[in-house]
Amino acid sequence: MSSLSRELVFLILQFLDEEKFKETVHKLEQESGFFFNMKYFEDEVHNGNWEDVEKYLSGFTKVDDNRYSMKIFFEIRKQKYLEALDKHDRSKAVDILVKDLKVFSSFNEELFKEITQLLTLENFRENEQLSKYGDTKSARAIMLVELKKLIEANPLFRDKLQFPNLKNSRLRTLINQSLNWQHQLCKNPRPNPDIKTLFVDHSCGQPNGARAPSPANNPLLGGVVPKPGGFPPLAAHVPFQPMPIPVPTSLASWMSNPPTGPHPAVSGGPLGLGSPPIQAGLKHPRTPPTNHSLDFQPADSDHVSKRTRPLGLSDEVGLPVNVLPLTFPGHAHSQNFNALDDFPKSVSRSLSQGSSPMSMDFHPIQQTLLLVGTNVGDIALWEVSSREKLVQRNFKVWDLSKCTMPLQAGLVKDPGVSVNRVIWSPDGSLFGVAYSRHLVQIYSYHGNDDVRQHLEIDAHVGGVNDLAFSHPHKQLSVITCGDDKLIKVWDASTGTKQYSFEGHEAPVYSVCPHHKENIQFIFSTALDGKIKAWLYDNLGSRVDYDAPGRWCTTMAYSADGTRLFSCGTSKDGESHIVEWNESEGAVKRTYQGFRKRSLGVVQFDTTKNKFLAAGDDFSIKFWDMDNTQLLTSIDADGGLPASPRIRFNKNGTLLAVSANENGIKILANAEGLRLLRTFENLAFDASRASEASKPNVKPMSAAAGGSTGLTDRVSSVVGISMMNGDARNHGDVKPRITEDTNDKSKIWKLTEINEPSQCRSLKLPENLRVTKILRLIYTNSGSAILALGSNAIHLLWKWVRNEHNSHGKATANISPQLWQPSSGILMTNDVTDTNPEESVPCFALSKNDSYVMSASGGKISLFNMMTFKTMTTFMPPPPAATFLAFHPQDNNIIAIGMDDSSIQIYNVRVDEVKSKLKGHSKRITGLAFSHILNVLVSSGADAQLCVWNSVGWEMEKSRFLQMPSGRSPEAPSETRIQFHQDQIHLLVVHETQLAIYDTNKLDCMHQWVPPESSAPISHATFSCDSQLVYASFVDATVCIFSAAHLRLRCRINPSVYLPSNVSSSGVHPLVIAAHPQESNQFALGLSDGSVHVIEPLELEGKWGLPPPLENGSTSNVPPSTSSVGASASEQPQR
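Bear in mind the structure is a predicted one, so any value in this text is a computation, not a measurement.

Within the protein chain, the secondary structure is distributed over 16 helices and 58 strands. For the protein chain, buried positions account for 58% of its 1134 residues. Nonlocal contacts in the protein chain, meaning residues at least 24 apart in sequence, comprise 58% of its contacts between residues at least 6 apart. Here the protein chain has roughly 45900 Å² of accessible surface; of this, 50% comes from carbon and sulfur atoms.

So, on to the sheet that holds strand S1 (residues 346-352). In space, the four strands of this open sheet follow the order S1-S28-S27-S26, with antiparallel pairing throughout. Two strands in the sheet have a free side with no partner beyond their single neighbour: S1 and strand S26 (646-648). Strand-to-strand, the axes of this sheet are offset by a mean angle of 20°, without reference to chain direction. Pairing geometry for S26 and strand S27 (residues 654-659), over three bridges, is antiparallel. Bridge assignment links Phe648 to a residue of S27, and that residue is Leu655.

This paragraph deals with a nonpolar patch on the surface. On the surface, Leu198, Phe199 and Val200 cluster together into a nonpolar patch covering about 370 Å² of accessible area. Tracing the chain through its elements places Phe199 in the loop between helix H9 (170-185) and helix H10 (339-342).

Before going further, it helps to spend a moment on the nonpolar core. In terms of nonpolar packing, the biggest core is built from 43 residues, with Phe36, Phe41, Leu57, Tyr81 and Leu101 touching the most fellow members. Of all the elements in the fold, those that place two or more residues in this core are helix H3 (38-46), helix H4 (50-57), helix H5 (67-86), helix H6 (90-101), helix H7 (109-117) and helix H8 (136-153). Top contributing element to this core by residue count: H5, with 10 residues. For Phe36, the residues in contact, after removing those within four places along its chain, are Phe41, Tyr56, Leu57, Phe60, Ile151, Phe157, Lys160 and Leu161.

Once that is clear, we can look at H8. With 18 residues, H8 extends 26 Å from end C-alpha to end C-alpha; this agrees with the ideal 26 Å at 1.5 Å per step. Along H8, the residues that are buried comprise Ala139, Arg140, Met143, Leu144, Glu146, Leu147, Leu150, Ile151 and Ala153.

Time to look at the sheet that holds strand S21 (residues 586-591). Sheet strands associate in pairs through backbone hydrogen bonding, adopting either a parallel or an antiparallel arrangement. Here four strands make up an open sheet; going across it, the order is S18-S19-S20-S21 and the pairing antiparallel. Single-partner strands in this sheet number two, and they are strand S18 (552-557) and S21. Taking the axes of each pair of neighbouring strands and ignoring which way they run, one obtains an average angle of 30° across the sheet. As defined by bridge partners, S18 adjoins strand S19 (residues 564-569) across six bridges and the pair is classed as antiparallel. Its bridge partner being in S19, Ala556 is matched across the sheet by Phe565.

Mapped onto the elements, Thr606 comes out in strand S22 (residues 604-607). Thr606 sits in the buried class, given a relative accessible area of 12%. At a separation of 3.3 Å, a polar atom in the side chain of Thr606 contacts the main-chain carbonyl oxygen of Tyr557. Residues contacting Thr606, with those up to four places away along its chain left out, are Ala556, Tyr557, Ser558, Ala559, Phe565, Phe611, Leu612, Met625 and Phe648.

Once that is clear, we can look at the packing of aromatic side chains. In total, this model carries 31 aromatic pairs according to the counting rule given. Here Tyr545 and Trp580 contribute two aromatic rings whose centre-to-centre distance is 5.6 Å and whose plane-to-plane angle is 15°, an arrangement assigned as stacked. Residue Tyr545 is located in strand S17 (residues 543-546), and its partner Trp580 is located in strand S20 (residues 575-581); the two are separated by 35 residues in the primary sequence. Taken individually, Tyr545 and Trp580 each receive the classification buried, so the pair is uniform in this respect. By way of ring pairs, the aromatic residues Phe36, Tyr40, Phe41, Tyr56, Phe60 and Phe157 are connected into one cluster. Here Arg6 stacks its cationic end above the ring of Phe34, 4.6 Å away from the centre of that ring.

Among the six residues of S18, five are classified as buried, and the element is accordingly described as predominantly covered. Counting the residues that bridge the hairpin from S18 to S19 gives six residues, and of these Gly561 lies at a positive phi of roughly 75°.

Moving on to the packing of H3 against H8. In the contact formed by H3 and H8, the axes pass within 10 Å of each other and the chain directions differ by 150°. Regarding the angle of H3 to H8, the classification is roughly antiparallel. Crossing hand, H3 versus H8: right-handed. Residues Met38, Phe41, Glu42, Val45 and His46 of H3 touch H8, and the partners they reach there are Arg140, Ala141, Met143, Leu144, Leu147, Lys148 and Ile151. Its residues assigned to classes, the contact of H3 with H8 comprises eight nonpolar, one polar and three charged.

What follows concerns the pairing of strand S15 (residues 519-526). Two faces make up the sheet, and in a regular strand the side chains alternate between them. Burial within S15 is extensive, with six of its eight residues counted as buried. Sheet topology note: the strand S14 (residues 508-516)/S15 ladder contains eight bridges and is antiparallel. Within the sheet, the bridge partner assigned to Val508 lies in S15 and is Ala526. Adjacent in sequence and paired antiparallel, S15 and strand S16 (residues 530-535) are bridged by three residues, among which Gly529 carries a positive phi angle near 85°.

By the definition in use, this model includes 38 salt bridges. Ionic pairing is found between Glu146 and Lys71, a salt bridge with its closest N-O pair at 3.4 Å. Of this pair, Glu146 sits in helix H8 while Lys71 is found in helix H5, placing the two residues 75 residues apart along the sequence. The pair formed by Glu146 and Lys71 is uniform in burial state, with each residue classed as buried. A salt bridge links Glu1095 to Arg760; the nearest nitrogen and oxygen atoms lie 3.7 Å apart. Separated by 335 residues along the polypeptide, Glu1095 in strand S58 (residues 1091-1096) and Arg760 in strand S31 (residues 759-763) bring together distant segments of the chain. Judged by relative accessible area, Glu1095 falls into the buried class, the value being 8%. Since its relative accessible area comes to 18%, Arg760 is described here as buried. When salt bridges with common partners are traced through the structure, they connect Arg563, Glu579, Arg589, Lys610, Asp624 and Asp626 into a single cluster.

Running from N to C, H3 and H4 cross one another at 150°; their axes reach a closest spacing of 8 Å. Here H3 is positioned roughly antiparallel relative to H4, judged by the angle of their axes. Between H3 and H4 lies a crossing of left-handed hand. Along its contact with H3, which presents Tyr40, Phe41, Glu44 and Val45, the element H4 presents Trp50, Asp52, Val53, Tyr56 and Leu57. Residue classes in the contact of H3 with H4 are distributed as seven nonpolar, no polar and two charged.

This part covers helix H1 (residues 3-18). Over its 16 residues, H1 extends 23 Å from the first C-alpha to the last, a length consistent with the 22 Å expected when each residue adds 1.5 Å. Restricting attention to buried positions, one finds in H1 the residues Arg6, Val9, Phe10, Leu11, Leu13, Gln14 and Leu16. Contacts from the buried residues of H1 go to helix H2 (22-32) and H9. Directly beyond the C-terminal end of H1, a positive phi value near 65° is found at Lys20.

Our next topic: the side chain of Lys62. With respect to the element layout, Lys62 can be found in the loop between H4 and H5. Buried within the structure, Lys62 lacks any salt-bridge partner; Asp65 is the closest side chain of opposite charge, at an N-O distance of 7.3 Å.

Once that is clear, we can look at the confidence of the model for the protein chain. With 78% of its residues at a pLDDT of 70 or more, the protein chain has an overall mean of 78. Here residues 683-746 is a poorly scored stretch, pLDDT under 50, and it has 154 contacts once near neighbours within four places are set aside; other chains count.

Residue placement: Gly33 occurs in the loop between H2 and H3. Sequence spacing of Gly33 and Leu57 is 24 residues, and the spatial spacing of their C-alpha atoms is 9.2 Å. If sequence neighbours within four positions are ignored, Gly33 has contacts with Leu28, Gly59, Phe60 and Lys160.

For the rest of this paragraph, the subject is unusual backbone geometry. Trans peptide bonds make up most of the peptide bonds, and negative phi angles are found at most residues other than glycine. Looking along the chain, the bond that leaves Pro877 and enters Pro878 is cis, with omega of -5°. One can find Pro878 in the loop between strand S39 (870-874) and strand S40 (881-887). A cis amide bond links Pro878 to the next residue, Pro879, at an omega of -10°. If you trace the backbone, Pro879 turns up in the loop between S39 and S40. Phi at His438 is positive, roughly 65°, even though this residue is not glycine. Backbone geometry places Ala636, a non-glycine residue, at a positive phi of 55°. Mapped onto the elements, Ala636 comes out in the loop between strand S25 (630-634) and S26.

Parameters at a glance
- Residues numbered from 1 in each chain as written.
- Predicted model: local features only at pLDDT ≥ 70, side-chain atom pairs only at ≥ 80, totals over all residues.
- Heavy atoms only, no water.
- Helix = DSSP H or I, 4+ residues; strand = E, 2+ residues; numbered from the N terminus.
- Buried < 20%, exposed > 50% of the residue type's maximum accessible area, 1.4 Å probe, protein only.
- Contact = heavy atoms within 4.5 Å.
- Areas by Shrake-Rupley, 256 points an atom, 1.4 Å probe, with all protein chains shown as cover.
- Pairing = 2+ DSSP bridges.
- Axes fitted to C-alpha atoms, helices over the stretch in contact; angles between N-to-C directions.
- Patch = residues over 30% accessible without salt bridge, like charges linked within 9 Å, V, L, I, M, F, W, Y side chains within 5 Å.
- Salt bridge = Lys/Arg side-chain N within 4 Å of Asp/Glu carboxyl O.
- Core = buried A, V, L, I, M, F, W, Y, C linked by side-chain atoms within 4.5 Å.
- Expected span 1.5 Å × (residues − 1).
- Polar contact = N/O pair within 3.5 Å; in protein donor to acceptor, adjacent residues only side chain to side chain.
- Phe/Tyr/Trp six-rings, centres within 6.5 Å; stacked < 30°, edge-to-face > 60°.
- Lys NZ or Arg CZ within 6 Å of the ring centre and 35° of its normal.
- Parallel < 35°, antiparallel > 145°, perpendicular 65-115°, else oblique.
- Left-handed = near helix turned anticlockwise from the far one by under 90°.
- Nonpolar A, V, L, I, M, F, W, Y, C, P; charged D, E, K, R; others polar.
- Lys, Arg positive; Asp, Glu negative; His and termini not counted.
- pLDDT = per-residue confidence, 0-100.

This is how it looks when you write it as structure tokens:
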């Protein structure tokens, strides 16, 4: 059952309770299993209605579910038995003994014998353990205290003991809102509609007349606000009275919330005669005795289809995305914000733009690349780490003949143009510029200073006030708004107009596209203060709100898309930042701290799902999203305008701020300073790296190849890693060949690392119990490394935060601890009836590092990373799991690859296989989700790639790897896959090749093939920023490639990290892992059970220089073989 259906049950329960349908309420509670009514349970126990007590309990648990459940049922049946004995009703006592208590004899035969012997006593109080038994009423009260503790500690009741906090008559309110909405859609709305039924949609029109479609799927349904002067309240004409509009649960929190605190201490001990509590532990045949948090049903459970199971990943599922990572005892570091320390407040760079910045936007992936638009129509592209202006372009109409006559005439009369908005597309392959005169220009970005004209659209009459990108119908679109009071949607590939939205009565100032679930919509604001919302259907605006200030207002969502904010300034200079309740169209929170009269229109931005920032009063002001009071204000060392324009980079580590005298200041926090240092000396191409005398600004050619479609461009541009080796026909593009670049290509040399002194390497403390490291991963916090050995044992190394390692991150400079909890237990996978040395292991780590799901040929185990305890095991073989992947947006959904070639989509929460995907012919060796494309990509030992829709789970396309001629593997080989940071391009790793695929078409864009004489590839992975590819080989060599074209840039020989006696014995890396934040750090898991962390020297800061790009397009010739150490020009490219 979906989370919305679950919430509907709660609304029905509230309605039934308010209408006094008491028996029906408790029947629904029991049948749904969503809410355990403790008050009702207590009353039934006090009244001794044992049949009803057990029947109610049966909706939530069975006797043998876990030890808590077993003890609950035992205490109830024991009390029932003792009451029968106390009444000297021996026949009833015998009946209870045989029918109810005998089930416990298999767990404790001695106890059952002792209970039976009570029948021989005249008064059971003669038994020493029952000597203090009082009367029936007090005994029930004492038992009830213990039952409540057991229920609260039982994981099956987690999240079921608290009824949601709802305003009265919530269901009535929603129906009233729906009726108002339906009445709004009537073509001829009557002033006093007569609504007599809820069975069909309301309409004031003719019974058979055309009506607008039902808004059932409208994400803004709950937020409809009557238009001023519109229809009257419908309360007098419907069965329900109007209720105050409550603040509902937001769309983003439809998933159940996790428990807010630990369970109370309670005995989970064995059954006994005496009064509870009893302190020892009762072993459960299916549940590990150490399980205090979870109790899953196995996949073949009889209960799967009958009732919803407890939470899946206890402390994680359903959490917001900003959940804190796991911290270990004695490890003080966590990712929680120390707010004032975390703000980008240190001025790290000052840039001189030349004209006043009007709009700025950081590249979504390459987070030190800043796009700027100015008041004279200029655009510029800055690499802020090196303070280098990569591109400067003055305003120019690309094709005046295609412009409307009013624009042509206007430009002749007054050629002055200002930039109103610059913005990157979600993957960074395009950027758009909205001008103050009619036009929108879209550029394609191909890395470095390679910017090409893509589309020019005469979009609006007057100024184009805002521009945004969105993905309706899985197709990239451009959204614009303008002085002509219109919002328009354009195909980003062809420039074709798709929609035009009319309804605003003033110039449209801003647009904010968004989506909830699978529904796409657009918010827009106008200069009369009106906020409207639109679906992509040409059916008009869905809502009509008034923005605070009623003038210039912009809207933005938090990074995780769950919270909506707006910032506006009135004509009188009063500024407002507010948070909206989308469902009700009401202001939820108003933030304080603005200057009484702002001296300009205030711009704002959000970051890290936690903070808001705005430029006001010659400073930047910050707020915590959850606190309306101003958190702090900084002036960036002075020199700011009255209302500076601001923009965060994606991670919130850098903040661009417009300054006086046409300047831009780049503010950074500690992470941002490290990011700038990392990129400061990085050469984005060989010519810039080798010749400092090259001018900083490279003018763009006025002519650009415009014949190539956007799909091809997007497939050739891969964000930060600059995967810009085109496989396109560049007949329209002028070759950029110069004497300089040819000379510099000859200067470039492959970086060879042969000695330990040439880099930093660290062998982690060994554990002799592990013979091979088969799986390896950094925790998401970057402070620990988790390995899985061939003997099914997990090893965890963690770096402690101290004066030598202030950030507590993994580093080759300091040896970590091989961590183990005080209990001394190990995380060991189930290996029942399997030989772990021969099995295919797999694991997946939860987003907040709290849990690891793992298998080594046996059942899948879920471990708590803090305690190492086995939370549950499920899915016993056959078939055995060979790969695991969490769904990126729902940790309750896991994709499980199997050794029988199938993929099972498993819902942890309900313990049920939702879908079984079949398309491979051999075992699954890789799974990867893309939340941008909404697909799951799978790879198998059959060397096949399959793409599955992650909504309906249908196969969309499949393709076999392009095997180099004569290079088919002798036996089935693992094919591994990993998404690039842009979530569109895919790294494919096979022993015969590395390849980059475009997931949209499953086309191979680039391929690197080692020569026949070279050792096979053992594993490879992207660096955390997807700029590099780290690859290990069976001969223990490690090669580092520029991900842009899979060009080799650095080779690390085995002698660097292995002693000569070890390297000669055939020891080699089986797996390689990249640090999640440090792009130049990786770890190797070796065939001798050791793990090594490797980084470049601190002075170097990076692995060699990127090889030079060849001029023009890359060759379409199929790749030939090349040695691992071959120069870039000799390497086969695709």
